[in-house]
Amino acid sequence: MLVHTIAEVREKVKEWKKQGLTIGLVPTMGALHSGHLSLIKKSVEKCDKTVVSVFVNPIQFCPGEDLDKYPRTLEADEQLCNGAGVDIVFAPSPAEMYPDAQMLSNDFLTYIIPPFFYVNKLCGKSRVGHFDGVCTVVNKLFNIVQPDYAFFGEKDRQQLIILRKMVKDLNIPVEIIPCPIVREESGLALSSRNKYLSENDKINALALSKILFNIKACYNNGITDVDALTETAYSYLNTCHNLEYLEFRDADNLEEKQTADNNTVVFIALKIGNVRLIDNIALS
Ligand code: PAF
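(A) Highlighting helix H8 (residues 157-169). Taking 1.5 Å as the rise per residue, H8 with 13 residues should run 18 Å; its terminal C-alpha atoms sit 18 Å apart, in good agreement. Along H8, the residues classified as buried are Arg157, Gln158, Gln159, Leu160, Ile161, Ile162, Leu163, Met166 and Val167. Of the residues flanking the end of H8, it is Asn171, one or two places downstream, whose phi is positive at about 50°.

(B) Representation of the site of the ligand in the model. Around the ligand, a shell composed of Pro27, Thr28, Met29, Asn57, Gln60, Val134, Val137, Val138, Phe152, Asp156 and Gln159 is seen. The separation between an oxygen atom of the ligand and a polar side-chain atom of Gln60 is 2.6 Å. With respect to the ligand, the side chain of Gln159 contributes an N or O atom lying 2.7 Å from an oxygen atom. Protein contact buries 89% of the 280 Å² of open area that the ligand shows by itself. The leading source of residues in the shell around the ligand is helix H7 (residues 130-145), at 3 residues. For the shell around the ligand, the per-class residue count stands at 6 nonpolar, 4 polar and 1 charged.

(C) A look at empty space enclosed by the protein. Applying the stated criterion across every chain, the model contains 1 cavity of 30 Å³ or more. The space that makes up the largest cavity amounts to roughly 70 Å³. If you trace the largest cavity, you find it lined by Lys155, Leu188, Ala189, Ser191, Asn194, Ala205, Leu208, Ser209, Leu277, Ile278 and Asp279. For the lining of the largest cavity, the secondary-structure elements that each account for two or more residues are helix H9 (199-220) and strand E9 (275-282).

(D) Structural detail: the environment of Lys216. Tracing the backbone shows Lys216 in helix H9. You can call Lys216 partly exposed: its relative accessible area is 22%. Sequence separation of Lys216 and Leu283 is 67 residues, and the distance between their C-alpha atoms is 5.9 Å. Beyond its immediate sequence surroundings of up to four residues, Lys216 is in contact with Ile281, Ala282, Leu283 and Ser284.

(E) Seen up close, the nonpolar core. In terms of nonpolar packing, the biggest core is built from 48 residues, with Phe90, Met97 and Phe142 touching the most fellow members. Within the residue set of this core, elements represented by two or more residues are helix H1 (6-18), strand E2 (23-28), strand E4 (88-90), helix H5 (116-119), H7, strand E5 (149-153), H8 and strand E8 (264-272). Of the residues forming this core, the biggest block, 9 residues, is contributed by H7. Leaving out residues up to four positions away in the same chain, Met97 has contacts with Ile6, Phe55, Phe90, Pro92, Val137, Lys140, Leu141 and Ile144.

(F) Representation of the environment of Asn204 within the structure. Positionally, Asn204 belongs in helix H9. Given a relative accessible area of 12%, Asn204 falls into the buried group. Separated by 37 residues in sequence, Asn204 and His241 have C-alpha atoms that sit 7.6 Å apart. With residues up to four places along the chain from it excluded, the contact list for Asn204 reads Asn238, Cys240, His241 and Ile272.

(G) Representation of the sheet that holds E2. Strand order in the open sheet formed by 6 strands is E1-E4-E3-E2-E5-E6, and the pairing between neighbours is parallel. Of all the strands in the sheet, the pair left with one neighbour each is strand E1 (2-3) and strand E6 (175-179). Here E2 runs beside E5; their pairing, made up of 2 bridges, is parallel. Pairing of Gly24 across the sheet is with Tyr149, part of E5. Where helix H2 (residues 34-46) meets the sheet, its contacts fall on E2, strand E3 (49-54), E5 and E6, and the angle it forms with E5 comes to roughly 160°. With respect to the sheet, H8 is in contact with E5 and E6, its orientation differing from that of E6 by roughly 170°.

(H) Expanded view of the pairing of E2. Counting buried residues along E2, 6 of its 6 residues qualify, which places the element largely inside the surrounding structure. Here E2 runs beside E3; their pairing, made up of 6 bridges, is parallel. Of the residues in E3, the one forming a bridge with Leu25 is Val51. With respect to chirality, the unit in which E2 leads through H2 into the neighbouring parallel E3 is right-handed.

(I) Focus on the pattern of salt bridges. Taken as a whole and judged by the stated rule, the model has 12 salt bridges. The closest approach of N and O atoms between Glu184 and Lys202, which form a salt bridge, is 3.1 Å. You can see Glu184 sitting in the loop between E6 and H9 and its partner Lys202 sitting in helix H9, a full 18 residues away along the chain. Between Arg276 and Glu244 there is a salt bridge, with its nearest N and O atoms 2.8 Å apart. Residue Arg276 is located in strand E9, and its partner Glu244 is located in strand E7 (residues 241-250); the two are separated by 32 residues in the primary sequence. Judged by its relative accessible area of 19%, Arg276 is buried. Among the residues examined, Glu244 registers a relative accessible area of 32% and is labelled partly exposed.

The rules behind these values
- Residues numbered from 1 in each chain as written.
- Predicted model: local features only at pLDDT ≥ 70, side-chain atom pairs only at ≥ 80, totals over all residues.
- Heavy atoms only, no water.
- Helix = DSSP H or I, 4+ residues; strand = E, 2+ residues; numbered from the N terminus.
- Expected span 1.5 Å × (residues − 1).
- Buried < 20%, exposed > 50% of the residue type's maximum accessible area, 1.4 Å probe, protein only.
- Near = heavy atom within 4 Å.
- Polar contact = N/O pair within 3.5 Å; in protein donor to acceptor, adjacent residues only side chain to side chain.
- Areas by Shrake-Rupley, 256 points an atom, 1.4 Å probe, with all protein chains shown as cover.
- Nonpolar A, V, L, I, M, F, W, Y, C, P; charged D, E, K, R; others polar.
- 1 Å grid on protein atoms, 1.4 Å probe; cavity = no way out; pocket = protein on both sides within 12 Å on 5 of 7 lines; lining within 4 Å.
- Points joined across faces, edges and corners; volume = space filled by probe spheres on them.
- Contact = heavy atoms within 4.5 Å.
- Core = buried A, V, L, I, M, F, W, Y, C linked by side-chain atoms within 4.5 Å.
- Pairing = 2+ DSSP bridges.
- Axes fitted to C-alpha atoms, helices over the stretch in contact; angles between N-to-C directions.
- Right-handed = clockwise from strand over helix to strand, strands pointing away.
- Salt bridge = Lys/Arg side-chain N within 4 Å of Asp/Glu carboxyl O.

Printed below as a string of C-alpha cells:
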C-alpha cells in the first residue's frame, strides 16, 4: 500500500498498535536494490508489519551534492516492496515532511545534532551537516511510524553508529537492527549511487573492496600495525582514484586505532570522477 501522508501512516500504526502487532521500519531514499531488499526481508521476517519509507531527504544533502539528480524510481520501488511483503510504502513529499517553506535553513527547523566526536571524521568531514539531516529525518520517521525495530545497512556504518548513539542518548523506544553489506559477485558493495558508474568506473570501483579484503587477510595473518596495513592499499590505486580516507576506527565509538584489533572497522571513501563511493569492513 503506497501512502503519501503522515496522517495515513499514523492511522494505520494506531490500528496495528491496538492489535498488539510489532512494527518494523526500513528507512530508505528509494532506488531500491538487493541491499535494501535484504533489510526488508529481515523486517518482514521479524515483525508483524513492515513500513518502508522512500524519501530523498533534502536536509542531508550538502550544497553541490547530487540532490537533484539522485535516482528516483518510486514505481519500481513500490513493486519491489509489494513483492517482498511490505505493508506500507511511505513516500512523503518534501512539503509533507518539512511544511515550513524555509525548511533548508537551520533557523526554521528543529534539528537533532549528533555529538561532534562522531561527525568530525570520515564522511562527516567532507559532508558537513549531513548527519544532522540524517538524525533529524530518522527521528521524524521514528515519531511517525513508532517502530519496534528499525533496520539499517552496515554499508553506511558511520550513520549506523551515530543513529545507535542517538537512540541511546534520547531513550527512543526502538531497537536498531544492523544488516550486513550486500555485494556484487565482484565484491562491489551495492549502493544506489552505483547507477552513476560507467562500466569502466565499475572496474575501477573494485579497488574499494579489494583494499578492504586484502587488509582483512593481512590482519588475519597477524599484521596489526595500522601503518603497515594502510601501506598494503596503495598498490590497488591508480590515477582514476581520488582517495578521501582510509581509516581504522573503533566499531562502537569511532575512535582512531593505531593497532588493529577485533573491534576495529576499516573505512574507505574514494571518488571516481564525480562519484563518491564508500565501503567498510569489520576485522572481527
Ligand atoms: O541511508 C539512507 O538511505 C538515508 O541516510 C536514510 C537513513 C534513509 C535517511 O534519509
